[in-house]
Structures are given as C-alpha cells and as structure tokens.
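# Close look at the chain arrangement
Next come the chains, spelled out residue by residue.
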Amino acid sequence: MSTFQTLAGFRDFYPDDCAFRNFIFERFRQSAMTFGFEEYDAPILESMELFTAKSGEEIISQLFNFEDKGGRSVAMRPEMTPSLARMVGARASTLRRPIKWFSISEMFRYERPQKGRLRSFYQFNADVFGNESSYADAEIILLGIHMLKSFGLAAEDFHVRLSDRQLWTLFIRSHGIGEDDVPEVLGIIDKIEREEPSKTIESLDKICKGGGRKIFDNLLEIRTIHSINDVREFSKKIANDAFARRIDELAQLLARIKAFGVSDFVTIDFGIVRGLAYYTGFVFEIFERSGQSRALAGGGRYDNLIKRLGYADLPAVGFAIGDVTLGNLLKEKNIALEFSRNIHCFVVYSTQTETLALGQATMLREQKINTDYCLDPTTFSKQLKTAAQVNAKYAIIFGEEEAKTGHAKVKDMSSANEVVVEIDRLIEVISR
Ligand code: HAM
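Residues numbered from 1 in each chain as written. Predicted model: local features only at pLDDT ≥ 70, side-chain atom pairs only at ≥ 80, totals over all residues. Heavy atoms only, no water.

With that settled, the discussion passes to the sheet that holds strand β16 (residues 418-422). Here we have 5 strands laid out as an open sheet, ordered β13-β12-β14-β15-β16, and mixed in their pairing. Edge strands, defined here as strands with exactly one partner in the open sheet, are β13 (371-373) and β16. Strand-to-strand, the axes of this sheet are offset by a mean angle of 30 degrees, without reference to chain direction. Strands in contact with helix α14 (residues 354-366) are β12 (345-348), β13 and β14 (394-397); relative to β13, the strand with the most contacts, it is inclined by about 155 degrees. Where helix α15 (residues 380-389) meets the sheet, its contacts fall on β12, β14 and β15 (407-412), and the angle it forms with β12 comes to roughly 170 degrees. (Pairing = 2+ DSSP bridges. Helix = DSSP H or I, 4+ residues; strand = E, 2+ residues; numbered from the N terminus. Axes fitted to C-alpha atoms, helices over the stretch in contact; angles between N-to-C directions. Contact = heavy atoms within 4.5 Å.)

A separate point is the pattern of salt bridges. When the charged atoms of two side chains with opposite charge come close together, those side chains can pair. All told, the structure shown has 27 salt bridges when counted by the stated rule. The salt bridge partner of Glu221 is Lys237, with a shortest N-O separation of 2.5 Å. Here Lys237 lies in helix α10 (residues 228-238) and Glu221 lies in helix α9 (residues 212-222), a separation of 16 residues in the sequence. Glu249 is paired through a salt bridge with Arg246; the nearest N and O atoms lie 2.5 Å apart. Residue Glu249 and its partner Arg246 are located together in helix α11 (residues 241-259), separated by 3 residues, close to a single helical turn. Taking relative accessible area as the criterion, Glu249 reaches 35% and is therefore assigned partly exposed. Shared partners join several salt bridges into a network, and the residues in it are Asp137, Arg301 and Asp303. (Salt bridge = Lys/Arg side-chain N within 4 Å of Asp/Glu carboxyl O. Buried < 20%, exposed > 50% of the residue type's maximum accessible area, 1.4 Å probe, protein only.)

This part takes up empty space enclosed by the protein. Overall, the coordinates contain 1 cavity of 30 Å³ or more when judged by the stated rule. Put simply, the largest cavity is a space of about 60 Å³. Those elements giving two or more residues to the lining of the largest cavity turn out to be α6 (165-173) and α10. A per-element tally of the lining of the largest cavity places α6 first, with 3 residues. For the lining of the largest cavity, the per-class residue count stands at 9 nonpolar, no polar and no charged. (1 Å grid on protein atoms, 1.4 Å probe; cavity = no way out; pocket = protein on both sides within 12 Å on 5 of 7 lines; lining within 4 Å. Points joined across faces, edges and corners; volume = space filled by probe spheres on them. Nonpolar A, V, L, I, M, F, W, Y, C, P; charged D, E, K, R; others polar.)

In space, the 3 strands of this open sheet follow the order β2-β4-β3, with antiparallel pairing throughout. Both outer strands of the open sheet, β2 (45-47) and β3 (64-67), are each paired with one neighbouring strand and no more. Within this sheet the neighbouring strands show an average axis-to-axis angle of 35 degrees, counted without direction. Relative to strand β4 (residues 73-76), β3 is paired through 4 bridges, and the arrangement is antiparallel. When the sheet's bridge partners are listed, Phe64 is paired in β4 with Met76.

The subject of this paragraph is a positive patch on the surface. Together, Arg112, Lys191, Arg194 and Arg294 make up a positively charged patch on the protein surface. Inspection of the secondary structure puts Arg112 in the loop between β5 (99-108) and β6 (120-129). The exposed category is assigned to Arg112, whose relative accessible area is 58%. (Patch = residues over 30% accessible without salt bridge, like charges linked within 9 Å, V, L, I, M, F, W, Y side chains within 5 Å. Areas by Shrake-Rupley, 256 points an atom, 1.4 Å probe, with all protein chains shown as cover. Lys, Arg positive; Asp, Glu negative; His and termini not counted. Charge placed at Lys NZ, Arg CZ, Asp CG, Glu CD.)

Next up, the structure:
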C-alpha cells in the first residue's frame with residue numbers, strides 16, 4: 001500500500017521545523033514592533049477578482065484558484081498586498097496616518113518547486129500608507145535591513161538592490177514608446193537575465209518598430225550603473241528634465257539611507273524591475289551577496305493601487321520577506337539558532353511521591369515555568385537521562401526520604417550540583 005505524501009511544494013512542519021519557523025517569526029515580529037508597526041491579518045481565501053484586477057500576469061498564472069460550492073470564483077492568496085489594500089482602503093478615512101502595519105502569513109503560488117521556491121510559503125509583510133515622501137521608502141528599506149541584521153547577518157551576507165520604476169518608465173518613453181506599452185517593456189526587462197538576447201530584441205522590435213537593438217544596448221548599459229554619479233552621466237543621453245529631477249529624488253533617498261548608517265547594505269541596481277504590476281516608484285529586492293539564490297525579499301512603492309481598487313487616493317510603500325530563502329541562508333551560515341526545547345524544570349518522582357511531585361509540577365506550570373516529567377515514572381536514573389535529553393535546566397527530584405520532611409533535591413543539569421531545599425522554597429531556588 002502506498003503511503004501519503006505532501007503535495008509538491010508543500011511542507012510538513014515537524015517540531016524542529018516548527019521551532020525554527022517560530023524562531024524566524026519571533027525575530028520578524030520583534031523587528032516590526034521595534035519600528036512601531038501594528039499587526040493585522042486577512043483571509044487566506046479571497047475572491048479571484050481581487051488578484052486578477054491589479055497584480056499582473058505572472059501572479060495570475062500562478063494562482064491556486066477554484067470555484068466554490070456557491071459558484072464563486074475564488075483563489076488562495078499568492079501575496080498579501082491586495083487584501084491589505086482593501087482593508088486599508090475600506091477604513092482610510094478613520095485610520096491615523098501614517099498607517100504602519102505588518103503581518104506574518106501563509107501564501108500559495110503554483111510555481112515550479114525548486115530551491116528557494118515552493119507552492120506554499122510564509123511571508124512577513126510591512127507597509128506604510130499615507131506618506132508620499134521617501135522617508136517612508138527609507139523606513140521600509142531600513143526595516144528590511146534591521147530585520148536581517150537581527151538574525152546576525154551582516155553587509156557581507158546580503159544587500160538591497162535598489163531601482164526605480166519611474167526612471168525606467170521615463171527611459172522607455174524617451175524611446176518613443178507609448179504609456180500603454182510601458183508595462184510590457186518592463187516585463188521584457190524583468191526577464192532579460194533569463195532570456196536569449198535575440199529574443200529580447202525581437203520582443204522590443206515589435207513594440208518600437210525596429211528600434212529594439214538600440215533600446216537593448218541602452219538597457220545593457222543601464223544595468224551596469226551602480227552609483228548616483230553614473231546615473232547622472234547616463235542621463236545626459238536622455239536629456240530630459242523629468243529624468244534629471246527623478247535622479248535628485250533617488251539621491252535624496254540614498255542620503256536618507258546614509259544618514260541612518262546603512263549605506264553599505266544598499267546598491268543601485270537597475271536590473272531590478274519587479275514582476276508585480278502595481279509598483280509606481282522606488283523598488284527593491286534583497287539578495288544574498290553571493291547572488292547564488294533567489295531573492296530574500298522584495299518591495300517598493302505602489303501609490304495607485306488603493307485608488308484603482310475603488311478606494312481613496314492613498315500613497316503606499318512596503319515589502320515582503322519569505323521564510324524559504326531566508327531559512328536556507330540561516331542554515332547555510334550556521335547562524336546560532338535559539339530554538340531548542342525550553343524546559344526549565346524536569347520533575348523526577350516515584351509512585352510513592354507521585355501525588356506530592358505532580359502537585360508541585362502543576363504549581364510550577366501555573367507560575368508559567370516550563371515544566372515536564374516522565375508520564376510513566378521509571379527509575380530515577382532513566383528519568384534524569386530524559387531530563388538531559390530535553391535540555392532541562394533543573395531536575396527536581398522527589399525522593400521518599402526528603403519528601404517525608406517536606407524537602408526535594410534540585411539538580412542543576414549543567415553543573416550537576418545538587419541542593420536539598422524545602423518544597424516551599426522551590427520557586428526561589430529555580431528562579432536564580
Ligand atoms: P514578491 O517579490 O512576489 O513580493 O515576494 C516577496 C518574497 O516572498 C520573495 O522575495 C520571496 O522571499 C518570497 N516568495 C515569493 N514567492 C515565493 C515562493 N514561491 N516560494 C518561496 N518564497 C517565495 C510580493 O509578494 C509583494 N506583495 C511584496 C510587497 C509588499 N510589496 C509591497 N508590499
């Protein structure tokens with residue numbers, strides 16, 4: 001008989017995996033709270049339309065969607081941003097601004113499972129609404145950096161690749177390409193690394209009637225730019241005021257990032273375009289420095305989404321980091337993972353002392369002290385072995401002799417020191 005397995009791209013979380021996941025989530029939550037973000041959540045299942053409306057072709061092709069029993073077209077969320085835009089949009093007039101919200105939630109994308117990419121994964125999302133300035137963009141980038149640093153990762157481990165959809169759009173339009181064709185060209189640019197040059201030129205030719213080669217050569221040059229001076233130099237070719245003004249805004253964002261002391265983590269990189277359709281301004285992805293893996297995180301500004309979903313005009317910027325590539329990186333780097341089972345007291349007893357011992361175990365648990373014991377009391381030595389296996393800090397041994405006088409033995413499991421204490425003083429002793 002064949003046994004059951006998870007679906008491709010889905011994971012079981014055994015206790016060790018769960019502990020690892022919790023460790024990651026705790027760091028996510030801690031960083032977000034440190035930055036003054038509030039937590040929210042939304043349903044996993046949404047109406048299909050929410051995603052087909054504004055997320056872009058790529059995400060739509062990856063939807064887990066079906067018809068429910070009432071004939072409604074529904075989809076498991078592939079990302080949080082549309083649900084969040086709906087929630088914020090619906091209460092836009094009453095929420096205090098800037099709105100700074102975060103969530104930790106499961107996403108579903110029908111992608112080809114591979115290293116760093118699954119069909120079910122978790123994302124931490126953080127977004128700021130109601131602020132148009134690059135202070136908000138900087139806040140989001142800073143949070144991404146702070147969060148990865150909180151795992152012990154440094155500038156030699158990862159970097160933020162910062163780009164700008166507005167500069168890209170101005171560049172594309174400077175080649176005589178109409179507004180309506182810009183998203184398609186951005187899509188071509190997004191795939192340039194994975195595509196044959198001849199195919200890219202062919203696709204560009206179709207849109208700009210034979211000018212594909214020229215754009216392609218410029219595209220290659222833009223992608224080698226990594227400093228603000230190089231951007232300014234390149235802009236001479238475009239000779240466009242709007243382009244020059246936008247470069248000043250990029251310089252301002254970089255100055256803010258510098259003021260926060262994290263410039264080492266940020267690189268200008270126009271290779272980043274972002275696959276999602278709703279971005280309108282600065283965009284970024286965070287990668288492992290070696291460039292070996294898929295992106296750790298991605299985000300950017302999306303000022304029109306809430307309005308286009310039918311709500312108020314509310315500027316927005318945010319990012320998401322996934323648990324899969326980050327988990328792989330932490331494991332590769334052997335980052336000290338503080339997620340071993342956290343048993344403070346292990347109660348050791350015999351059938352004669354059971355009533356006293358288990359009563360004390362209950363008392364400890366009521367005091368929120370992590371306490372465990374063997375469900376079938378075997379010999380004291382076997383119980384002590386179990387205490388060591390679960391990494392208990394103390395073993396509390398209820399021997400018959402000590403129990404007669406209201407005492408128990410407390411053994412410090414790391415030093416093996418033992419002291420006999422009055423049962424009334426147990427908490428005091430194990431709290432030292
Ligand atoms: P995204 O770039 O599609 O952005 O996803 C962000 C991160 O989620 C990725 O960098 C990656 O770590 C993780 N991720 C995405 N797909 C998968 C997958 N199939 N398997 C494992 N991990 C994956 C967004 O989702 C935007 N909604 C982010 C955002 C928030 N923009 C503004 N606010």
